[in-house]
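Results of the structural survey
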Amino acid sequence: MKFNNVVIHSLAAVDAPIRVTSAELEKQLEPAFKRLGIRNNLLENVTGIGARRFWEEGTMPSDAATLAAEKVIEKSGVSRDKINIVINTSVCRDYLEPSTACIVHGKLGLSDHCMNFDLGNACLAFLNGMDVAARMLERGEIDYALVVDGESSRPITQATIKRLLGKDVTKQQFRAEFASLTLGSGGVAMILSRKEISPDGHAYLGSVSRAATQFSDLCHGQMDCMVTNTKVLLTEGLKLAAATFQVAKNAFNWVPAELDQIVIHQVSKVHTEALVKLLDLDINKVHAIYPELGNIGPAAVPIALAKAEELGKLKKGDRVALLGIGSGLNCSMAEVVW
Ligand code: MYA
């Protein structure tokens with residue numbers, strides 16, 4: 001869907017405070033590496049992920065999302081009573097019910113007429129949340145939407161390491177759980193608005209999507225365990241990304257050389273380099289956060305965008321492509337004119 005009247009008003013990311021290196025995780029896993037005959041520098045060496053962040057013990061996904069939301073509200077100057085909807089897109093959640101969005105709504109002290117709900121779609125949910133909000137904004141139903149995401153990889157990382165140190169663990173199980181060790185934590189929040197009331201915002205032109213749900217069995221995640229077929233996920237993810245890119249090229253007249261910045265879902269060095277090669281993109285235009293932050297699920301694309309903004313990489317008028325993908329498989333690609 002394309003939009004004429006939707007802008008990103010403000011964006012803010014929050015880093016979790018504890019930096020945990022891949023070397024530290026690999027040290028903890030040393031007995032498993034030895035027993036299974038796996039080389040012990042695989043994580044940092046092959047994925048290119050040197051570190052990820054953890055929140056302090058007890059920090060809930062809603063706390064992470066609320067921190068980012070407080071930051072974006074302050075940055076934007078938008079008063080809380082003007083926010084008409086809050087959509088939480090986190091994979092991690094405080095409880096199965098109530099929604100994490102309602103906890104964030106309560107912590108922020110938003111008004112009783114501010115709608116709130118969770119929207120789930122694995123690593124793609126933030127882009128989907130932007131799209132749902134944009135449809136309401138385009139129709140003039142609302143003035144301001146807040147999309148938030150808070151991820152906490154500490155519980156799954158610690159549970160995975162404990163499990164993989166078990167005496168009965170096979171090499172096959174190790175490989176199936178390996179991707180869990182790439183996950184990271186963080187918080188991000190975005191305020192979207194209508195161009196006519198926020199003329200200085202960054203135009204959100206819309207997105208295109210494609211699905212390949214015959215591959216919904218390639219990555220299954222719970223709060224404490226994720227099982228991934230890394231090989232097939234990489235191959236089929238790339239195929240879906242290429243098909244979606246073709247649709248985006250047609251919809252937004254994309255010529256790779258004319259895109260100024262490309263913000264992609266952050267999985268690993270292997271995935272980034274393969275995608276850049278396949279789509280004929282310029283790697284210098286791709287802002288990578290995975291080396292320091294790992295894979296932060298649906299928060300990865302907006303956090304990478306926020307970091308690029310903080311570093312002054314985004315100039316007014318830049319054409320920014322957002323390339324998202326999530327287990328399922330689902331893929332969306334969007335354009336923002338900064
Ligand atoms: S779901 C989360 C998905 N995340 C991951 O899969 C991250 C972890 N995976 C990787 O980094 C790569 O797939 C690896 C393989 C590195 C595993 N366990 O040449 P290779 C060893 C342990 O065959 P590659 C999500 O985010 C292998 O023995 N070790 O490796 C949403 C060898 O070691 P050695 C393993 O295929 C959806 C070495 O690695 C495993 O190049 C994302 C190299 O082997 C394993 N499982 O990489 C959809 N596998 O040298 C995908 C291999 O000692 C998106 N090894 O023999 C794709 C597009 C991306 C963005 C798109 C945006 C639109």
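Here's a quick rundown of the structure.

**What about helix H10 (residues 269-279)?**
Those residues of H10 that sit buried are Thr272, Leu275, Val276 and Leu279. Burial along H10 is one-sided: seen end-on, the buried residues are contained in an arc of 100 degrees. Remark: Asp280 follows H10 within two positions and exhibits a positive phi of approximately 60 degrees.

**Some thoughts on the site of the ligand**
Residues in contact with the ligand amount to 30 residues; listed here are only the nearest, Arg39, Arg175, Thr230, Lys231 and Asn295. A distance of 2.7 Å separates an oxygen atom of the ligand from a polar atom in the side chain of Arg39. Within the backbone of Arg175, one N or O atom sits 3.0 Å away from a nitrogen atom of the ligand. With the chains in place, 83% of the 1300 Å² that the ligand exposes on its own is no longer accessible. Secondary structure elements with two or more residues in the shell around the ligand: helix H3 (42-47), helix H9 (230-252), H10, strand S12 (319-326) and strand S13 (330-337). The greatest single-element share of the shell around the ligand, amounting to seven residues, is contributed by H9. Among the residues making up the shell around the ligand, the classes are represented as 17 nonpolar, 10 polar and three charged.

**Let's talk about the pairing of S12**
With eight of eight residues buried, S12 lies mostly within the body of the structure. Alternating residues of S12 divide into Arg319, Ala321, Leu323 and Ile325 and Val320, Leu322, Gly324 and Gly326, and every residue in both groups is buried. Two elements, strand S11 (residues 261-264) and S12, share four bridges in a ladder whose sense is parallel. In the strand pairing of S12, Gln261 is matched with Val320. Inspection of the sheet shows S12 paired to S13 by eight bridges, in the antiparallel sense. From the neighbouring strand, Gly324 faces S13, where its bridge partner is Ser332. The antiparallel pairing of S12 with S13 creates a hairpin that spans three residues between the two strands, and Gly328 there sits at a positive phi of about 150 degrees.

**Regarding the pattern of salt bridges**
A side chain with one charge may pair with a side chain of the opposite charge, provided their charged atoms come close. Under the definition given, this model contains 17 salt bridges. Across the pair Arg135 and Asp131 runs a salt bridge, and its minimum N-O distance is 3.8 Å. On the criterion of helical spacing, the pair formed by Arg135 and Asp131 is a turn pair, its members being four residues apart in helix H6 (residues 125-138). Counted as one network, the salt bridges with shared partners bring together Asp143, Arg194 and Glu196.

**Concerning the environment of Arg194**
Note that Arg194 resides in strand S7 (residues 186-194). For Arg194, the residues in contact, after removing those within four places along its chain, are Asn5, Val7, Leu137, Gly140, Ile142 and Asp143.

**Comments concerning the pairing of strand S6 (residues 144-151)**
Burial analysis of S6 places eight of its eight residues in the buried class, which makes it a mostly covered element. The alternating pattern of S6 places Tyr144, Leu146, Val148 and Gly150 on one face and Ala145, Val147, Asp149 and Glu151 on the opposite face, and all of these are buried. Relative to S6, strand S4 (residues 83-88) runs parallel, the two sharing five bridges. Its bridge partner lying in S6, Ile85 is registered against Ala145. Bridge count between S6 and S7: eight bridges; the pairing is antiparallel. Bridge pairing in S7 places Tyr144 opposite Ser193.

About the thresholds
Residues numbered from 1 in each chain as written. Predicted model: local features only at pLDDT ≥ 70, side-chain atom pairs only at ≥ 80, totals over all residues. Heavy atoms only, no water. Buried < 20%, exposed > 50% of the residue type's maximum accessible area, 1.4 Å probe, protein only. Helix = DSSP H or I, 4+ residues; strand = E, 2+ residues; numbered from the N terminus. Arc of directions from axis to C-beta. Near = heavy atom within 4 Å. Polar contact = N/O pair within 3.5 Å; in protein donor to acceptor, adjacent residues only side chain to side chain. Areas by Shrake-Rupley, 256 points an atom, 1.4 Å probe, with all protein chains shown as cover. Nonpolar A, V, L, I, M, F, W, Y, C, P; charged D, E, K, R; others polar. Pairing = 2+ DSSP bridges. Salt bridge = Lys/Arg side-chain N within 4 Å of Asp/Glu carboxyl O. Contact = heavy atoms within 4.5 Å.

Purely spatial values, then, with no claim about function.
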